[in-house]
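A structural walkthrough
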Amino acid sequence: MSEAATTLAGARKGRPSILRRWVGQALARNLSCLVVPGPEVALAHGLDLAAADMRIAATPRDATVLLIVGELSQKLDEATAVLYAQMPRPRAILVLGGSAPSSLPQADVSADLSQTELMEAATRLQRLLAEDAFAASPDDFDSSILQAKTEYVCPMHPEVVEDEPGSCPKCGMDLVAREAGGDSDAGEHDHDHDHEHEHEHHGHEHDHDHEHESEEHDHHHAHHNDHGQSHEHHHDHEHHQNHKRAHDHEQHQGDDDHEHAHCHEHEDHGHQQSTAQEQSGTEYICPMHPEIRQNEPGSCPKCGMDLEPHKPEEDEGVREGVPEHDHEHHHDHSGHDHDGHDHSDHDHDSSGFMSMVEVTKDLPRSADGLAMDWLEVPFGPCFPGLPGGLKLTLTLDGDGVTEGQATSLVAMNTSSEEVAVETFIERLAAAMPLAPVSYRLLACRAIEQAAGLEPDPAVERGRAAALERERIASHLGWLAQLGRQLSFVWLTRRAAALQLETQRADREQLVALRPALQSLIARLEHTPLLKARLKGIGALPHGSQDLRGPVARASGRTEDARQADAMYRELGFEMRAESAGDAWARLRQRHVEIMTSLDLVEVAGDPELPKLRAIDNPSGTGEATVETPRGRATLRLTQERGQVVSVELDSACSQHIGLVADLVEGQELGDALVAVGSLDLSPWEVTS
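Please read all numbers here as calculations on a predicted model, not as lab measurements.

Here is what the cut-offs are and how they apply
Residues take numbers from 1 onward in each chain, read along the sequence in its written order. Local features in a predicted model are, by the rule used here, given only for residues with pLDDT of at least 70; side-chain atom pairs are given and counted only at 80 or more, and totals for whole chains, interfaces and linings are based on all residues. To obtain the side-chain values, all non-hydrogen atoms of the structure were used and water was disregarded. Here the term patch refers to residues with relative accessible area over 30% and no salt bridge, with like charges joined within 9 Å and nonpolar side chains (Val, Leu, Ile, Met, Phe, Trp, Tyr) within 5 Å. Only the protein chains shown count as cover for residues, with accessible areas throughout obtained via the Shrake-Rupley method and a probe of 1.4 Å. The working definition used for a salt bridge is a side-chain nitrogen of Lys or Arg within 4 Å of a carboxyl oxygen of Asp or Glu. Charge assignment in this entry is limited to Lys and Arg as positive and Asp and Glu as negative, and neither His nor the chain termini are counted. A charged residue contributes its charge at one atom only: NZ of Lys, CZ of Arg, CG of Asp or CD of Glu. Working definition: helices are DSSP H or I runs of at least four residues, strands are E runs of at least two. Numbering for both runs from the N terminus. DSSP bridges decide pairing: two strands pair if at least two such bridges lie between them. Axis geometry follows a simple rule: fit a line to the C-alpha atoms, using only the stretch in contact for helices, then measure angles between N-to-C directions, giving values from 0 to 180 degrees. Contacts are assigned to residue pairs with any non-hydrogen atoms lying within 4.5 Å of each other.

We now examine a negative patch on the surface. Judged by side-chain charge, E376, E403, D662 and E665 come together as a negatively charged surface patch. For E376, the location among the structural elements is in strand β14 (residues 375-379).

What follows is the structure, given as structure tokens:
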């Protein structure tokens, strides 16, 4: 282990004193960690944070330590800088198995990826926090990622967002500049300033993919799925809607005053009309500024909106039906029943000014038919219950989801340079932290097939046992993630503990874990609250294509690459499947597969980590398929003189990430997050 820093890079400003030393010692006894990319990655590497006196923090605001596991991609590196800026001082950086991201200060402590190194690193961090939590002149933290960016949005169509000034393609209105990330109250982002934590990044936390908004939402959303909705999100959105309703009422009230005056004007002036106007037949009016009129098309000099054609006789038609009802309708808002009332005849008032029905006709409609502004909210890349490295962007209408998209910040790029076959195997395994054995086996099989080697039954038995052990551990890791999402603390702790035991177990130890695994599964399937929370949620749309792994089998599809494997037929493999296709079915399908994999290991023998067999011909083209914990993956590669020169990877997660849009549309926010989590996406297994 290396000690990269002698003092804490993220110390809090303040001259050391006895009181502050006590504070530092208290912080040192409770190392609260924000894990990047996520707790599931730490577990997959066999790290037991609890054993190192560390606890996992749900949001940056609750964390003292930024724990980085492995190397980060450039996109995740940038996102991590924003997370670090949101952490209150004092704060420390611990890096395991990699180097500190370029966007961050030098790591306070660095260590290798092992439990022993983690324990030693935790001890070092405790000393640093106890002794150096406060400094008279702490180093400032700044990053180009935190600098404000400007984007341009249409006031009438908030979904139209551009990087440069211009006009709205829908209505022609001038786009309005705003700080990238939205219109949240700037004061909400001054947490560190108020607490004397971090002055240099005040006002910039919102600049990178709404990270502040997402993480602030994360803290409250930990209980969202048990209690119906996130209070903070609901409050923010309610404030937004109240503001909108107030604005609409003001606008409507302004319309009333204008129309009322206009009606009296007509009483005085009767039918005095411009002869020229009558002859022209059509004039052009701004929908937002009815006083702007001209005889030819153009744009409004006030707002830039396209003028709309309007015939004078339309005013006459409106005036004929206005007198009694329209006057009463516009002045007696209280107690007037709008239900079932046909507003189609009242789209314009007598001045040609559009009513709010007309103004909002192009805005998106919520389930109750009301025109509302949609809010685009990102979740991730470190959101409790979702895979680290996954950015989920949802468009919200109230607490409902109208659109959704998932992208990976750690997607694998298969267009790499030539590399030796042994190096390629190690790189592919390291690139897939949630299923390294599966992809190591995939690479070995493809290279051996390219070299013309036939399968060796003895070798394949050990490989199959290792693959099934990883499947058990992976499904347990998903259960721990589900526990974090639903705030089932007992589930997270129990599943994580069993996952750590499984990863290190030989055949005999795995067999001994059978009672504990059966007990966990029985408890889950007989927990009414869990069933009620998952039943009917995340049902896949009819006709969803290319489903794989547990997601496919939970929908009743007989899709499993192990069926075509001679070794698995020899081991007595039988595929069993659920049929409902919802989140509850996916939970039960993984339960079934845990026990099936345990049966296979018991027959196959001790797991053996896949290793490349000796090959005589280092050139050729090979293809292999492996049923990974998340579904079928196929690797095609070409090797020349011992060098891998081209690679093509087709994985289950590359297909399943495309399901998110249809899966979340029309769902409540909490249900949408549960549905996405039930897919068990691994962002690393998405290829780009």
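The rest of the description comes next.
Let us now look at a nonpolar patch on the surface. Side chains of I18, L19, W22 and V23 sit close together on the surface and give an oily, nonpolar patch of about 450 Å² of accessible area. One can find I18 in helix α1 (residues 18-28).

Before going further, it helps to spend a moment on the sheet that holds strand β15 (residues 390-397). As summarised here, the arrangement of the 3 strands in space is β14-β15-β16, forming an open sheet in which the pairing is antiparallel. Since the sheet does not close on itself, it has two edges, and those belong to β14 and β16 (400-408), each with one partner. Neighbouring strand axes in the sheet, compared pairwise and without regard to direction, differ in orientation by 20° on average. Note: β15 against β16, 8 bridges, orientation antiparallel. Along β16, the bridge assignment pairs L392 with A406. With respect to the sheet, helix α25 (residues 669-678) is in contact with β14, β15 and β16, its orientation differing from that of β15 by roughly 155°.

Turning our eyes to something else, we now look at the sheet that holds strand β11 (residues 283-285). Ordered by their spatial adjacency, 3 strands build an open sheet running β12-β11-β13, and the pairing between neighbours is antiparallel. Strands with a single pairing partner mark the edges of an open sheet, and in this sheet they are β12 (293-294) and β13 (308-310). By the bridge criterion, 2 bridges tie β11 to β12 in an arrangement that is antiparallel. Within β12, the residue paired with Y284 across the bridge is Q294.

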